[in-house]
Amino acid sequence: MSHLLEINNLDVKFDTDEGRITAIDNVSLTLDQGRVLGIVGESGSGKSVTAKSIMQLNPGNTIYNDNAEIIIDGENVLKFTSKNDLKKIRGGKVSMIFQEPMASFAPAIKIGSQMVEQLMLHKPLDKKEAKNISIDMLNRVGIADAEKRFNQYAFELSGGMRQRAMIAMALSTMPKLLLADEPTTALDVTIQAQVINLMKDIIKEFNMGVIFITHDLGVIAQVADDVAVMYLGSVVEQGPVNEILKNPMHPYTKGLINALPDINNLDAPLTPIPGNIPSPLDRPTGCVFRTRCPHASQEGKEENIKMGLVEVKPGHWLDKCGVDCGKI
Amino acid sequence: MSENIVSVNNLSVSFDYQENFLSKKQKIKAVNNINIKIKKGSFFGLVGESGSGKTTLGRAILGANKISQGNVIFHDDERDYDLTTITSREMKDYRKKAQLIFQDPYAALSPRMTVRDIIAEPLEVMKITNSRQETDEKVREIASKCRLNLEHLRRYPHAFSGGQRQRISIARALVSNPKFIVADESVAALDVSIQADILNLLKQLQNELNLTYLFISHDLSVVAHVCDIVAVMYLGHIVEMAPSRKLFSNPKHPYTKALLSSIPSIDPENKSKAIELEGEIPSAMNPPSGCVFRTRCPHASADGKEVNVEMGLVEVEPDHLVDRCGVNCG
Ligand SMILES: Nc1ncnc2c1ncn2[C@@H]1O[C@H](COP(=O)(O)OP(=O)(O)OP(=O)(O)O)[C@@H](O)[C@H]1O
Ligand code: SF4
Ligand SMILES: [Mg+2]
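Per chain, residue numbering runs from 1 following the sequence as it is written. Numbering of ligands from 1 and lettering of chains from A proceed in the order in which they are written. The model is predicted, so local features are restricted to residues of pLDDT at least 70 and side-chain atom pairs to those at 80 or more, both for listing and for counting; the totals for chains, interfaces and linings are taken over all residues. Hydrogens and water molecules were not included; the side-chain quantities draw on all heavy atoms of the structure.

Here's the deal with the sheet that holds strand S5 (residues 80-82) of chain B
Residues and elements named next belong to chain B. A pair of strands is labelled paired if DSSP reports no fewer than 2 bridges between them. Where helices and strands are cited, they refer to DSSP runs of H or I of at least four residues and of E of at least two residues respectively, numbered from the N terminus. Reading across from one edge, S2-S1-S4-S5 is the order of the four strands in this open sheet, with antiparallel pairing throughout. Where the open sheet ends on each side, the last strands, each with one partner, are strand S2 (26-39) and S5. Between one strand axis and the next, the sheet turns by 20° as a mean value, whatever way the strands run. In the packing of helix H1 (residues 54-61) onto the sheet, the strands contacted are strand S1 (4-17), S2 and strand S4 (69-75), and the crossing angle to S1 comes to about 120°. Note on definitions: angles span 0 to 180 degrees between N-to-C directions of axes, and those axes are lines fitted to C-alpha atoms, for helices only across the stretch in contact. The contact definition used throughout considers only heavy atoms, calling two residues in contact when any of these lie within 4.5 Å.

Shown next as structure tokens:
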């Protein structure tokens, strides 16, 4: 069966003043229609770069490896060069929503005009049809007075409302794939709960595939079917969300869970992961997590191992090194 | 001697607000008739969503916001400071005793200052030390208590990670040897692992240095873990206040219940639905009359009697206070 999205052996490097840094190292992921894949990990783990690679939104200093593939609907988007090709993904088959909705809206253009313009770029619609679809969509995401909002600017809306408007714009073109990068992180919890429920309904209704990026394991637990845990550009563990959160095996996944304050378990101590995330300029060789791992060996054999996921239980993928350390 | 370090009595703080110079001046009541007592040695939590007045309350206690009504008393061992009538001379003393932890010292301070200078600045401004040597000693002492690498004192803060910068910020707040600390969203921007580390550090410093904290946060799970008493704010009012465990195991006000139910559970099988609140937080410029929560409350009555209720906390169980209207709606 072919997948909606297939990422194979993706490396992403950036040329910077301080040298070439590795942001993504050999990442492979698949996503099927109707599924939500959560990507979780700390700041700098490569979550956003992964999403931007799918949309081809990384800047000019980006270097991809030759054998990398990002296949959407049978086409490798990394081979896309023409504007027309890119149009098929950006705002066409793929839409992206962000933590800061102002990033999606031009400040000086009315929300409605932007929605209409985007729709007409991708669908054979006239202005009137595009307007009707846009207003329907604003209604659909729970915006009261949709016609009035259609004629307003993004800054005139409250934070929660803006987030809804951005979701409406992203969905109006009926994308097959939605990339959501921390879409609820900046919201108050009661508004976050509203937006999460809205997204769950819409994902079901439209039967899209979704990549949901967040650093919040609670949000992942509530919205995702599957989860990939990233650390310093590598996926270290991956599988169905219930399995990964209940039976985490990689020392990093366990570390994240142990550091989290759980409201249902107030007696549990908060255990930080020792040390600091290394700079991407000094990305450790071998196992990327070895400088902070409680199981790392004295003799430093992790310096030479090659990372890679292996299936340890049906559907549960774990970095090879994590398999070795599981035995400790 | 009082067992409390801070008493806030019927405190209101209003700001003048004018949309442009032609429009009428309006008053925004950011904090409305607040009564709290902060016990010495406690980790007092203040939670609520954006615009609820947490920061304004914290700043009023530090003397950084003008008090419109009521008063704030700081009980030091020898004497009281009344923040309503405090003179600028007394204020100089008070600053040594009550300090704020910046959210991010890097954002607030000159990038041309070394870590040493950032931490030393309060000592110099408040003229606490008499020589450079004495200043250096104090800086090194507090830096090592905050588990900062002393080698790093000569460096500039931009080179540091979020967690290290937060330690710098804590060291700066503590260098004048204060007794009371307002920590306003001090872990909000940090990754979970660093957050755990900073929270543990705050707890440890509390024991070592006999500190009392007012810990302001929008994150209920964090507050539940570190605070021993918690007040929940909504639109300038405290709607519920209780010892942590009581509040989180037995929330009584409909807003507290909704907040708690909104925390996404890390257990994927626990899909218990959030109590969805209708609409958004009303603007503080134009708050609902009567019960401020009534426009979003799932229990608001059809006949609208909440329009006329007067808000105020009632003790429903020992130490567990709930707004009167919340008591009525059960
Ligand atoms: N344009 C760029 N040039 C250089 N480095 C970059 C660029 N974009 C991202 N990076 C680096 O790539 C790494 C991965 O960054 P990314 O933004 O994907 O992290 P993230 O997981 O999304 O983190 P956060 O949780 O903070 O959003 C980081 O080290 C980042 O500094
Ligand atoms: S290989 Fe070693 S360092 Fe890496 S995760 Fe496993 S035990 Fe830790
Ligand atoms: Mg990101």
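Observations regarding the domain arrangement of chain A
In many analyses, interface size is given as the accessible surface area lost on bringing the parts together. Residues and elements named next belong to chain A. An automatic or database domain assignment supplies the residue ranges for each domain. Domains assigned within chain A are domain 1 (5-93 + 175-327) and domain 2 (105-174). Placing a centre on the C-alpha atoms of domain 1 and another on those of domain 2 gives a separation of 30 Å. Contact residues are listed per partner, giving 19 residues for domain 1 and 15 residues for domain 2. Here domain 1 and domain 2 share an interface that buries about 1,400 Å² over both sides, 67% of which is from carbon and sulfur atoms. When two parts are brought into contact, each loses some accessible area as probed by a 1.4 Å sphere; the total of that loss over both is the buried area. Three residues stand out in domain 1 for area buried against domain 2, namely Pro 175, Leu 198 and Phe 206, and they jointly supply 34% of the buried area on that side.

Re the site of ligand 1
All names here are of chain A. We call a residue near a molecule or strand as soon as one heavy atom of that residue lies within 4 Å of the molecule or strand. With respect to spatial proximity, 15 residues lie near ligand 1, and among them Ser 43, Gly 44, Lys 47, Ser 48 and Val 49 are the closest. Distance and chemistry together define a polar contact, namely a pair of N or O atoms within 3.5 Å, with one atom able to donate a hydrogen and the other to accept it when in protein, and with adjacent residues in sequence counting only for side-chain atoms on both sides. Side-chain polar atom of Ser 43 to an oxygen atom of ligand 1: 2.6 Å apart, as the coordinates give it. Interatomic distance of 2.8 Å between a backbone N/O atom of Val 49 and an oxygen atom of ligand 1. Per-residue and other accessible areas follow the Shrake-Rupley method at a 1.4 Å probe size, with only the shown protein chains counted as cover for residues. For ligand 1, whose accessible area on its own is 640 Å², the fraction buried by protein is 69%. Going through the elements one at a time, strand S1 (5-16), strand S2 (19-31) and helix H1 (47-55) are the ones with two or more residues in the shell around ligand 1. In terms of residue count, the dominant contributor to the shell around ligand 1 is H1 (three residues). Residues of the shell around ligand 1, tallied by class, amount to six nonpolar, seven polar and two charged. In this classification, Asp, Glu, Lys and Arg are treated as charged, Ala, Val, Leu, Ile, Met, Phe, Trp, Tyr, Cys and Pro as nonpolar, and every other residue, Gly included, as polar.

Observations concerning the interface of chain B and chain A
Tallying the contact residues gives 40 residues for chain B and 42 residues for chain A. Summed over both partners, the interface of chain B with chain A buries about 3,500 Å², with 57% contributed by carbon and sulfur atoms. Considering only the side of chain B, the residues that lose the most area to chain A are His225(B), Ile266(B) and Glu280(B), jointly responsible for 20% of the buried surface there. In what follows, salt bridge is the name for a side-chain nitrogen of Lys or Arg lying within 4 Å of a carboxyl oxygen of Asp or Glu. For the interface between chain B and chain A, the tally reads three salt bridges. A salt bridge links Lys246(A) to Asp267(B), with the shortest nitrogen-to-oxygen separation between them at 2.9 Å.

So, the domain arrangement of chain B
Residues and elements named next belong to chain B. Each domain of chain B was delimited in the assignment, giving domain 1 (39-66 + 87-227) and domain 2 (239-330). The straight-line distance from the C-alpha centre of domain 1 to that of domain 2 is 31 Å. Contacts between domain 1 and domain 2 engage eight residues on the former and nine residues on the latter. Of the roughly 750 Å² buried between domain 1 and domain 2, counting both surfaces, carbon and sulfur atoms make up 71%. The largest per-residue losses of area from domain 1 upon contact with domain 2 belong to Glu 49, Leu 220 and Ala 224, which jointly make up 60% of the total buried on that side. Connecting domain 1 to domain 2 are zero salt bridges. Where domain 1 touches domain 2, the interface holds two residue pairs in polar contact (both at pLDDT 80 or more). Considering only residue class, the side of domain 1 that touches domain 2 consists of five nonpolar, two polar and one charged.

Notes on the packing of aromatic side chains
All names here are of chain B. Between the rings of Phe, Tyr and Trp (Trp by its six-membered ring), a pair exists once the centres lie within 6.5 Å; its type follows the angle of the planes, with under 30 degrees stacked, over 60 edge-to-face, and the other angles tilted. On inspection of all chains with the given rule, the structure shows 13 aromatic pairs over all chains. Relative to Tyr 94, the ring of Phe 74 has its centre 5.1 Å away and its plane inclined at 70°; by these criteria the two rings are edge-to-face. In this pair, Phe 74 is assigned in strand S4 and Tyr 94 in helix H2 (residues 88-97), connecting sequence segments 20 residues apart. Three or more aromatic residues joined by ring pairs make a cluster, and in this case those are Phe 74, Tyr 81, Tyr 94 and Phe 180. The ring of Tyr 81 has Arg 79 sitting right over it, with the charged end atom 4.1 Å from the ring centre. Any Lys NZ or Arg CZ found within 6 Å of a ring centre and within 35 degrees of that ring's normal is scored as a charge over the ring.

Points about unusual backbone geometry
Residues and elements named next belong to chain A. For Asp 73, which is not glycine, the phi torsion reads 55° and is therefore positive. Relative to the helices and strands, Asp 73 is located in the loop between strand S5 (69-72) and strand S6 (75-76). With relative accessibility at 34%, the residue Asp 73 sits in the partly exposed group. Positive phi, close to 50°, is recorded for Glu 182, a residue that is not glycine. Along the chain, Glu 182 falls in the loop between strand S8 (177-181) and helix H7 (189-206). Relative accessibility thresholds used throughout: buried, under 20% of the residue-type maximum; exposed, over 50%; partly exposed, between the two (1.4 Å probe, protein chains only).

Description of the nonpolar core
In terms of nonpolar packing, the biggest core is built from 134 residues, with Ile167(A), Met199(A), Ile119(B), Ile170(B), Phe215(B) and Phe248(B) touching the most fellow members. Of the residues forming this core, the biggest block, nine residues, is contributed by H7(A). The contacts of Ile170(B), once residues within four sequence positions are left out, are Ile101(B), Cys146(B), Ile198(B), Leu201(B), Leu202(B) and Leu205(B). Take the buried residues of types Ala, Val, Leu, Ile, Met, Phe, Trp, Tyr and Cys, join any two whose side-chain atoms come within 4.5 Å, and each joined set is a nonpolar core. Core analysis: the second largest hydrophobic core is formed by 35 residues, Ala23(A), Ile72(A), Leu78(A) and Phe80(A) among them.

So, the pairing of strand S7 (residues 180-184) of chain B
All names here are of chain B. Among the five residues that make up S7, five are buried, leaving the element largely enclosed by the rest of the structure. Burial along S7 is two-sided: Phe 180, Val 182 and Asp 184 facing one way and Ile 181 and Ala 183 facing the other are all buried. Of the strand pairs in this sheet, strand S6 (residues 98-101) and S7 are connected by four bridges, and their pairing is parallel. Bridge assignment links Leu 100 to a residue of S7, and that residue is Val 182. Looking at chain direction, S7 and strand S8 (residues 212-217) are connected through five bridges and run parallel. Looking at the pairing, Asp 184 lines up with Ile 216 of S8. Seen with its strands pointing away from the viewer, a crossover is right-handed if its path from the first strand over the helix to the second goes clockwise. Taken together, S7, helix H7 (residues 192-209) and S8 form a β-α-β motif whose crossover is right-handed.

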